[in-house]
Amino acid sequence: MTTTPVRDTDTQQGPWSRPEFEERLRDVATTHYHDRHPFNVRMHEGTLTPAELRRWITNRFHYQRHIPVKDALILAKFEDPALRRMWLRRIVDHDGVQEGEGGIERWLRLGEAAGLDRELLWSAEDVLPGVRLAVDGYVNFCRLRSRLEAVAASLTELSAPGLMRRRIAAFEHHYPWIEAEGLAYFRTRVGQGSRDSAEALDLVVRWARSREEQERAVAALTFKCEVLWSLLDAVDAAGERR
């Protein structure tokens, strides 16, 4: 997984206007988002087997549990206390303020609703090598890249609320064997994703003042889309090998 190279001929030009820059970011978040992946398409069509769905829940949890880690790495790049407080909320959203709260807990409950043991999920014993590689790549990207690139990579959230709504409808219709309480994570992320993406988008368009910086933000978002796509590639291919 590599970021899209910045072309010298582009960086020598003036910056895009804010509307054009936002449009380019939204276009990446739409056209490259993993909702178009064949595995996600089958999920929403209702054709996944229970084993396939459980494999996805297991491997996606490995990504979910690292979201607070990457957000902590991003937060450490901020010098402004107000900005740190704003970003800290993302960590709290996933970790909660006490045991039994937060997005990670809700994902564990999704696993239990699908018949998975939470201790097995935490153990990561069944996480695929390709998923580990994709998640490690994203965490290290947020560790090593600039604050602009790290925040821009989070803009996949622009497409998340719509995906969550479709996923809720698909699970309720096609997978009634999963207890309704297990869908709480998806329901919560509709509102959180809209808020988080709006905040991050405002930061990116304010920070990226040159064409080069804008191109790097677009490349960072493209990379994040590739991470999510690669994760599903690994999950999908595991079924083909069996």
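Residues numbered from 1 in each chain as written. Predicted model: local features only at pLDDT ≥ 70, side-chain atom pairs only at ≥ 80, totals over all residues. Heavy atoms only, no water.

Its identity is not glycine, yet Ala124 carries a phi of approximately 65°, on the positive side. Counting through the fold element by element, Ala124 comes out in the loop between helix 8 (118-123) and helix 9 (129-144). (Helix = DSSP H or I, 4+ residues; strand = E, 2+ residues; numbered from the N terminus.)

Moving on to the UniProt feature "domain: Thiaminase-2/PQQC" (unreviewed entry) in the protein. Per the UniProt record, the feature "domain: Thiaminase-2/PQQC" (unreviewed entry) sits at residues 25-233. Counted over residues 25-233, helix gives 75% and strand 0%. Its end C-alpha atoms are 23 Å apart. (UniProt positions renumbered as here; feature names shortened; annotations may be inferred.)

Moving on to the packing of aromatic side chains. Under the criterion given, the structure shown has 13 aromatic pairs. A ring pair is formed by Trp56 and Phe171, whose centres lie 6.5 Å apart and whose planes are at 55°; its orientation type is tilted. Placement of the pair is Trp56 in helix 4 (residues 50-64) and Phe171 in helix 11 (residues 160-174), with a sequence separation of 115 residues. For the pair Trp56 and Phe171, a shared accessibility class is recorded, and that class is buried. Plain terms: the ring middles of Tyr185 and Phe186 are 6.1 Å apart, the flat faces sit at 80° to each other, and that makes the pair edge-to-face. The residues Tyr185 and Phe186 share a single accessibility class, namely buried. Joined through ring pairs, the aromatic side chains of Trp56, Trp107, Phe171, Tyr175, Tyr185 and Phe186 make up one cluster. (Phe/Tyr/Trp six-rings, centres within 6.5 Å; stacked < 30°, edge-to-face > 60°. Buried < 20%, exposed > 50% of the residue type's maximum accessible area, 1.4 Å probe, protein only.)

Attention now goes to a nonpolar patch on the surface. Judged by side-chain polarity, Leu88, Val92 and Val97 come together as a nonpolar surface patch covering roughly 250 Å² of accessible area. Checked against the element boundaries, Leu88 lands in helix 6 (residues 81-95). (Patch = residues over 30% accessible without salt bridge, like charges linked within 9 Å, V, L, I, M, F, W, Y side chains within 5 Å. Areas by Shrake-Rupley, 256 points an atom, 1.4 Å probe, with all protein chains shown as cover. Salt bridge = Lys/Arg side-chain N within 4 Å of Asp/Glu carboxyl O.)

Our focus in this paragraph is the pattern of salt bridges. The tally for this structure, following the rule as stated, stands at 19 salt bridges. Where Glu20 meets Arg24, a salt bridge forms, and the shortest distance between an N and an O atom there is 3.4 Å. You can see Glu20 and its partner Arg24 sitting in helix 2 (residues 18-31), four residues apart, about one turn around the helix. Ionic contacts of the salt-bridge type, sharing partners, join the residues Arg89, Asp93, Glu157, Arg189, Arg195, Asp196 and Glu199 into one network.

Glancing now at the nonpolar core. Judged by nonpolar contacts, the single largest core of 76 residues is most densely connected at Phe21, Trp56, Val151, Phe171, Phe186 and Val204. It is helix 13 (residues 211-240) that contributes the most residues to this core, 13 residues altogether. Setting aside residues no more than four positions away along its own chain, Val151 makes contact with Ile74, Phe78, Trp87, Ala200, Leu203, Val204 and Trp207. (Core = buried A, V, L, I, M, F, W, Y, C linked by side-chain atoms within 4.5 Å. Contact = heavy atoms within 4.5 Å.)

For His62, the position within the fold is in helix 4. When residues no more than four places from it in sequence are discounted, the contact partners of His62 are Ala124, Val127, Val131, Arg132 and Val135.

Here the structure, examined in full by the defined rule, presents zero disulfides. Cys225 supplies the cysteine sulfur nearest to Cys142, a cysteine that is in no disulfide, at a spacing of 13 Å. Since its relative accessible area comes to 0%, Cys142 is described here as buried. (Disulfide = S-S within 2.5 Å.)

Moving on to the environment of Arg55. Residue position: Arg55 is located in helix 4. For Arg55, a relative accessible area of 10% translates into the label buried. Of note is the side chain of Arg55, whose polar atom sits 3.0 Å from the backbone oxygen of Val235. (Polar contact = N/O pair within 3.5 Å; in protein donor to acceptor, adjacent residues only side chain to side chain.)

If you trace the backbone, Leu231 turns up in helix 13. By relative accessible area, which is 2% here, Leu231 ends up buried. Along the primary structure Leu231 and Arg24 are separated by 207 residues, whereas in three dimensions their C-alpha atoms are 24 Å apart. In contact with Leu231, not counting residues within four places along its chain, are Tyr63, Val131, Ala134 and Val135.

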